[in-house]
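Working through the structure, step by step
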Amino acid sequence: MNLELTDEQVFLRDAARDALSRVDTVAAARSAIEDPASLPDLWPTACAAGWAGLLVGEASGGAGLGVFDAMLVMMEAGRVLAGVALLGHLPASELLDRGGSSVTGDVAEGSVRACLVAARPPGDVVSTWTVEASAGSVRVEAPELGEDGRLDGRVCWVPDASSAGVFVVVATQAGGGGPVAVVVDGDDSGVSVEPVMRFDATRSLGHVTFAGASVSVLDDVGADQCASAWYLAQALLAAESLGSVETALETSVAYAKERFTFGRAIGSYQAVKHSLVEILRLRENAYSLLVYAGWAYEDAPDEFPLAASAARAAAGHALDYASRALISVHGGLGATWEHDAPLFFRRAQLSRRLLGGLGDATDRVAGELLAGA
Amino acid sequence: MDLNDSPEQAQYRAKVRSWLQEHRSEAPVFSGQDEQESIAARREWQGTLAEAGLAGVTWPVELGGQGLGAVEQVIVNQEIARAGVPGILDVIGVGMLGPTLIAHGTDEQKHRYLGPMLHADEVWCQLFSEPAAGSDLAAVQARAVLQEDGGWRLSGQKVWTTNAHFASFGLLLARTDPSVPKHKGLTMFIVPMDGEGVTVRPLRKLSGEPDFNEVFFDDVALDADAVCGPVGGGWGTAMTTLMFERLTIGLGSEAMGYRAERFAQAIAADAHARRDPEVRRRLGEVSLELLAVKFSGYRTLSALQQGQIPGPESGLAKITTVRAAIEAGDLIADVLGPEALEADSEWSHMISYLPGLKSAGGTEEILRNTIGERVLGLPPEPRLDKGIAFSELRAAERAAVAAAKSGSRS
Ligand SMILES: Cc1cc2nc3c(=O)[nH]c(=O)nc-3n(C[C@H](O)[C@H](O)[C@H](O)COP(=O)(O)OP(=O)(O)OC[C@H]3O[C@@H](n4cnc5c(N)ncnc54)[C@H](O)[C@@H]3O)c2cc1C
């Protein structure tokens, strides 16, 4: 039994922290709310660090690292609210590599940005592959690959869609049969992306419409791999959220030691202290579940849906709690743009509603356990 | 990221598993007989486990243990749970009080007491808490007075003492000097439970089970060699016990049986509930907390294997386990209805056990204070009891309570 980070993982994490410290990404997150164009493009940083090809095998030009390594990088991005566009790219790159796509090398190098247009796999209650609608609580059917080999459908709130050079789309087949993963060129006339920004300017999102788009189908990618891509995105989003939780905790603890009221540091009051310990408790739980997800992906793939969903729900809830505590521990200051707290709150509020949302992830935890009971 | 046993651990696990396979028929069944019989059977089973080297795994070899690490202890716990047989009866003795004797006792004490404790020939109890000293353990009032012959006379009351009704000995924290501040005037004693002047009165727990007690000491005579650790150093000795208590609770969480799969099974049996969104949300929330605790446990083990000792943060797993299990009990009772509260149901037992578990081994509030201060480095609350002689402190407390009472009456 050994769950400690390896020397290589410590190096990867420290290098990521260092690379992301060269730009003040938190300040950038604030400015971008009013001026989205001012957001720095961190993609060159990602490429230089080798993150674009992190999950691509060495034979295809990538680094061949594991899912937990990718999570470590996502955590670092989350710590400083850096928008690095890996959430869409990494799961897509993994499918491209698996399917032997000719674009894999460019994607691994980062000269082409990939974007996963994921679909939520069927569960023990809903038996279809579904995607986010533009509004409302009803999910819609995943895009469909026609018998003519063309792709139709609309998927909303897709992370990193607006910068993508290539889309990897999980689609159902008109003639029946299982789901497939298809590759659509970003320049194809049958695809259009409407960029959208809500509440958190660091999160690049898009509504993607396919209207008779030409595709190439990825070989050797079946229902299990399509599902795994969805859960991989869940795990990566969980890791990113956890990174933000860590910053919220550290910032709050530091302030609680130096802010005095009634002659005492506020961290000595139990209401404050216990709430900070609650952040720590939620952080520890979420980190343990990320470890579970990282381990399951490699060693117990049957448990990956459970582990990734649990991690997503736990980390999202932790960030929700931590970002609110960050505000309240800072009192009036925490509610203003003078402080970073609102930026973490914005991150939390949007993140928890993406890719099915926390409710969906929590339901999936129950569904997986009930199905196995 | 490796959850597998090392080759040596795998070998050890295989050895433990095959022994349990071979001897499981000798194990007592969990319920069905009266308390006396059940205790006798579990004593005998602990003796059998001890003979096989499955009790006192981490105790030194020269004191009858196996001289192995915490990881091996966890392997034994896991295999015992897997075999579906009871573990040792005297978890408090072997897990907490024995290690305290090993750390602080004299050679004579170790040789006299540890062997019979390990084999459950003599069961032990922890005589720490008192009516006015639980969280604030250093406020104990049980008074031991030194006699001219070097012996002691003990008077006072302990409470919530698990297993006292069949224990042979207790480790007791007493005040030996009220004229100094409260943490300083304490001493730890080994007390024979059949001594003259010792009275054990059973207390029923919420569940109805009479497995803990209040214990009265009326001028009980103790020999000089009943002292464990330094006279006046009882607080340090008690801290050792509480450290082992944390370890025992931390490493034993899997054995408590609060597993996500178990609760999912209970819900899955109800075709309507298993599709109800609200039931699923609640089950999902409970389950992810319990899955997190399971992997936190693996992280603790991994750290132990790298030679680290778990700190106060391991209390977080206790908080999470108890909360999640309480939620799970609520959910299952909501789904099953009043039938879940039927006296013999496993859920009724769990539901009535958990509120007490929230206090046992450190209340949630105390754990949060400790973790906030020791792990996050937050400042402690101001204290009104520092540096004041215990006798003065008690007088001030009595005056405050009297003032509050007359105030509320007027
Ligand atoms: C099932 C069970 C088994 C037990 N077995 C044993 C045993 O074998 N031997 C033994 O010695 N003891 C045993 N105990 C006693 C246990 O250790 C105490 O109950 C526990 O430490 C709490 O002490 P108390 O009951 O005096 O509560 P109190 O300390 O009076 O606490 C009352 C309430 O006040 C809160 N509180 C107290 N101080 C603070 C503070 N500083 N900040 C915030 N909140 C505070 C507590 O959290 C609690 O909610 C057992 C208890 C239980 C329930």
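What you see is a predicted model; the values in this text were computed from it and never measured. (Residues numbered from 1 in each chain as written. Chains lettered and ligands numbered in written order. Predicted model: local features only at pLDDT ≥ 70, side-chain atom pairs only at ≥ 80, totals over all residues. Heavy atoms only, no water.)

Bringing the overall build of chain A into the picture now. A count of helices and strands for chain A gives 12 helices and 12 strands. Against the globule reference of 21 Å for 373 residues, chain A gives a C-alpha radius of gyration of 20 Å, in line with a compact fold. Taking the principal axes of the C-alpha coordinates as reference, chain A spans close to 75 × 50 × 45 Å. Looking at chain A as a whole, 59% of its 373 residues are labelled buried. Nonlocal contacts in chain A, meaning residues at least 24 apart in sequence, comprise 71% of its contacts between residues at least 6 apart. When the accessible surface of chain A is totalled, it reaches about 13,500 Å², and 50% of it is carbon and sulfur. Computed over 26 positive and 48 negative side-chain charges, the separation of the two mean positions in chain A equals 12 Å. (Helix = DSSP H or I, 4+ residues; strand = E, 2+ residues; numbered from the N terminus. Rg over C-alpha atoms; globule rule 2.2 N^0.38 Å. Buried < 20%, exposed > 50% of the residue type's maximum accessible area, 1.4 Å probe, protein only. Contact = heavy atoms within 4.5 Å. Areas by Shrake-Rupley, 256 points an atom, 1.4 Å probe, with all protein chains shown as cover. Lys, Arg positive; Asp, Glu negative; His and termini not counted. Charge placed at Lys NZ, Arg CZ, Asp CG, Glu CD.)

With that out of the way, let us pick up the environment of Val231(B). All names here are of chain B. Take Val231: it is sitting in the loop between β8 (227-228) and α6 (234-251). Each C-alpha atom, one on Val231 and one on Gly185, is 8.3 Å from the other, the two residues being 46 residues apart in sequence. Setting aside residues up to four positions removed in sequence, Val231 forms contacts with Trp152, Leu186 and Thr187.

Here we take up a negative patch on the surface. Negative charge collects at one region of the surface, where Asp107(B), Glu108(B), Glu148(B), Asp149(B), Asp223(B) and Asp225(B) lie side by side. Tracing the sequence through the fold places Asp223(B) in the loop between β7 (212-222) and β8. (Patch = residues over 30% accessible without salt bridge, like charges linked within 9 Å, V, L, I, M, F, W, Y side chains within 5 Å. Salt bridge = Lys/Arg side-chain N within 4 Å of Asp/Glu carboxyl O.)

With that settled, the discussion passes to the packing of aromatic side chains. Tallied over the entire structure, the rule returns 14 aromatic pairs over all chains. One aromatic cluster is present, formed by Tyr292(A), Trp295(A), Phe295(B) and Tyr298(B) through successive ring pairs. The ring of Phe199(A) has Arg346(A) sitting right over it, with the charged end atom 4.7 Å from the ring centre. Seen from the ring of Phe390(B), Arg175(B) lies directly overhead, with NZ or CZ sitting 3.5 Å from the centre. (Phe/Tyr/Trp six-rings, centres within 6.5 Å; stacked < 30°, edge-to-face > 60°. Lys NZ or Arg CZ within 6 Å of the ring centre and 35° of its normal.)

Here the structure, examined in full by the defined rule, presents zero disulfides over all chains. Looking at the unpaired Cys226(A), the closest cysteine sulfur is the one in Cys115(A), lying at 15 Å. Residue classification places Cys226(A) among the buried residues on the basis of a relative accessible area of 1%. The closest cysteine sulfur to the non-disulfide-bonded Cys125(B) is located on Cys228(B), 14 Å from its own sulfur. A relative accessible area of 0% places Cys125(B) in the buried class. (Disulfide = S-S within 2.5 Å.)

Keep in mind these numbers describe shape, not what the thing actually does.
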